[in-house]
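Summary of the model geometry
Read off the chains here:
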Amino acid sequence: QVQLVESGGGLVQAGGSLRLSCEASGSFFGIADRGWYRQAPGKQREWVASIHRDGTTNYADIVKGRFTISRDNAKNTVYMQMNSLKPEDTAVYYCNMEIRLTSTYVFFNYWGQGTQVTVSS
């Protein structure tokens, strides 16, 4: 059973920083793309950042220059360093990974449980 476990959320003042972590556990063959999404109260879940299998990264315009996504392949982990946080960054943040369970070249989408990030003004 594959699980994604997130950590690192919390309460921070505007202008502060937080680092989110998400580790995949269980039995699997490999991980392709990894990403972060967020969902603010009353809004739809939105994509924030991705790190692809080849290491390239993409960011939503609203976080570009402030957030940095990275990974540790040996630890099956994806991180997101969030700097210069704003009150509008307040949301539940979810990690997402495309995971290959067996030698068959098929990937399944997994989500973390979510971690709350609250930025006070």
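First things first, this report covers the structure right here in the doc. Only a predicted model underlies this, so the values are computations on that prediction, with no experimental measurement involved. (Residues numbered from 1 in each chain as written. Predicted model: local features only at pLDDT ≥ 70, side-chain atom pairs only at ≥ 80, totals over all residues. Heavy atoms only, no water.)

Counting residues in hydrophobic clusters, the biggest one holds 30 residues, and the most contacted among them are W36, M80, M82 and Y93. When contributions to this core are tallied by element, the ones reaching two or more residues are β3 (18-25), β4 (30-39), β5 (46-51), β7 (67-72), β8 (77-82), β9 (91-100) and β11 (115-120). The element contributing the most residues to this core is β9, with five residues. (Core = buried A, V, L, I, M, F, W, Y, C linked by side-chain atoms within 4.5 Å. Buried < 20%, exposed > 50% of the residue type's maximum accessible area, 1.4 Å probe, protein only. Helix = DSSP H or I, 4+ residues; strand = E, 2+ residues; numbered from the N terminus.)

The next point concerns the packing of aromatic side chains. All told, the structure shown has two aromatic pairs when counted by the stated rule. Ring geometry for Y37 against W111: centres 4.9 Å apart, planes inclined by 65°, an arrangement best described as edge-to-face. Of this pair, Y37 sits in strand β4 while W111 sits in strand β10 (residues 107-111), and the two are 74 residues apart along the sequence. Seen in terms of ring centroids, Y105 and F107 are 5.1 Å apart; in terms of plane orientation they differ by 90°. Their pairing is edge-to-face. By relative accessible area, which is 26% here, F107 ends up partly exposed. (Phe/Tyr/Trp six-rings, centres within 6.5 Å; stacked < 30°, edge-to-face > 60°.)

The strand order across the open sheet formed by four strands is β1-β3-β8-β7, and the pairing between neighbours is antiparallel. Looking at strand neighbours, the two that pair on one side only are β1 (3-7) and β7, the edges of this open sheet. Across the sheet, the mean angle from the axis of one strand to that of its neighbour is 15°, orientation sign disregarded. Alignment of β7 against β8, held across six bridges, turns out to be antiparallel. Across the sheet, residue R71 finds its bridge partner in β8, namely V78. (Pairing = 2+ DSSP bridges. Axes fitted to C-alpha atoms, helices over the stretch in contact; angles between N-to-C directions.)

Function-wise, these values are silent; they only describe arrangement.
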